[in-house]
Amino acid sequence: MVLLKFLHFGKNCSCGMTRPSETFLGGLWAALEQDINKRAYAVWVSEIMLQQTQVATVIDYYNKWMKRWPTLQKLAEATLEEVNEMWAGLGYYSRGKRLHEGAKKVMLSFNGQMPRTAEDLQKELPGVGRYTAGAVASIAMGQTTGVVDGNVTRVLCRSRTIGADCTSPVVMEALWRLSNSLVDPSRPGDFNQALMELGATVCTPKAPRCSLCPVRMHCRSFEKVEHQMKTASNRLLGKSGLEFSPVPDIENCDYVGRCPLCLPPEENWENDLGVMNFPRKPVRKQARLERTLTCILEWEESDREAVYLLVQRPSAGLLAGLWEFPSIVLEGKITEKKEKELLLEQLETLLDGPGNFGEIQYVGEVVHVFSHIHQTYAVYCCSLAKTTGLVKKEAEDDASSSRWLTKMAFQKAAVSTAMKKIFQLYQSKEAEGPKNCKGKKRKTSTHSEDNMQRSHKLKKNKQSNTGQKQLSILGIFGKSRKCEISSRP
């Protein structure tokens, strides 16, 4: 990464918002695909995958995706089921669905030609916001436009001591103006990637490496820290004067008490945090508690491998279109006996009638935290007897809302990470022996909820010091109720 120059601002306000000069920060340009549509598609996929997901996790998914669907046309020809299978485990599953929808729209509405500007990308492609549009347009198409993600927000807020809530519309718009004013028109993609890399690798949420930062001499937060250190040193040495001018503080702001960008008067600078005083974020809301019953129904015949029943989630909402074990979201606390009754009713409904089920047994609990939901799965298991008398037919098409999968097919299916954790728990209990999986009574204590509450207390630290660890693409390049049998011998 090559960092050249950084922006100088006017001095009228501590946030430095008066007048930017036209100096720039640059980055090393990576050699990309010559075809602009292939290039834009590759950047688009990578940026969507990197939303809320660390680059180390994305790399393998990205390589597999591009190997299977190297062009927009190939992705548009795929089914949503295939896309969900490829995306399984990456989280935020609506991203894959929107990529698929966007590819089909480009092929049908734009004759395979990607929109050429950030404005058109944001307007025409589902799931493409202002940041993604700016990244694709600048990196793939060379448009002079800025980007603002978590990393860029952190760099700009610290360099300009922007202390207001960085998620507020006023601050976000100011950050976009700053980003757009910084972009090098000759190398916009390089510049944006360099700025994101600076935030991801140097100006990090915690333990920023200011001594290695190539733009620290232009950073107002760093200057403020240096000023305080010098002041403390002078006091210890008995010196009365300072050898340099103090950093403009909020008290010196021309809009004191009214500036929508400066640190609010009621929020003090904390010396121990240093540059980590910025950016400031609102306290995140606690994830709501949910409890869900889940039953692993196993069907095994003497001459066949065991299979497990899965049902498909609705096409909209959380984990849309993914497959899961039969599950019921609870609205209140009920007894274990009632839980088993509810699961049995659901199984009979799914199989179009009563069957010869074994006893439903408690397996254990699995906790999975989504962005806004703290989900606890109460896991049960049950076997379907050979003499059930139920006829399980092969589905005539892919519209089946339930299916039977072998262990191997389950691992390849479009299932969430939570379902994989549930199946791992079930398998571990089975490996310990039937007595460990069957006949286990659930404890009546609410220890999982207590643990969740304790974890929330531990997370109530300085919310202002946290940020997304999202890297740029530089780190990447280089309803029928019929049941079907999948992967049956």
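In the block above lies the structure referred to throughout.
Now for a description of the structure that goes with this document. The model shown is predicted, which means the values in this text are computed figures rather than measured ones.

Let us now look at the environment of Arg98. Relative to the elements of secondary structure, Arg98 occurs in helix α5 (residues 94-109). On the basis of relative accessible area, Arg98 is assigned to the partly exposed category, the value being 41%.

Here Asn84 shows up in helix α4 (residues 80-87). Setting aside chain neighbours within four positions, we find Asn84 in contact with Ala320, Gly321, Leu322 and Ala414.

It is worth spelling out the packing of aromatic side chains at this point. The description of an aromatic ring pair rests on the distance of the ring centres and on the angle between the ring planes. Per the counting criterion, the structure on display carries 10 aromatic pairs. Ring plane angle 80° and centroid distance 5.7 Å describe the contact between Trp65 and Trp87, whose orientation is recorded as edge-to-face. With a gap of 22 residues between them, Trp65 in helix α2 (residues 55-68) and Trp87 in helix α4 connect regions that are remote in the sequence. Each member of the pair, Trp65 as well as Trp87, carries the same accessibility label: buried.

So, on to the pattern of salt bridges. Per the stated rule, a full pass over the model turns up 10 salt bridges. The shortest N-O distance in the salt bridge between Glu81 and Arg403 comes to 3.7 Å. On the criterion of sequence distance, the pair formed by Glu81 in helix α4 and Arg403 in strand β7 (residues 400-405) is long-range, its members being 322 residues apart. In this structure, Glu81 and Arg403 share a single accessibility class: buried.

Let us look at unusual backbone geometry. In this chain, Phe278 is followed by Pro279 through a cis amide linkage whose omega measures -5°. Summarising the element assignment, Pro279 is placed in the loop between α11 (220-237) and β1 (288-299). One non-glycine residue, Tyr92, lies in positive phi territory at about 45°. The phi angle at Ala207 is positive, at roughly 50°, despite the residue not being glycine.

Reading guide: rules and limits
Residues numbered from 1 in each chain as written. Predicted model: local features only at pLDDT ≥ 70, side-chain atom pairs only at ≥ 80, totals over all residues. Heavy atoms only, no water. Helix = DSSP H or I, 4+ residues; strand = E, 2+ residues; numbered from the N terminus. Buried < 20%, exposed > 50% of the residue type's maximum accessible area, 1.4 Å probe, protein only. Contact = heavy atoms within 4.5 Å. Phe/Tyr/Trp six-rings, centres within 6.5 Å; stacked < 30°, edge-to-face > 60°. Salt bridge = Lys/Arg side-chain N within 4 Å of Asp/Glu carboxyl O.

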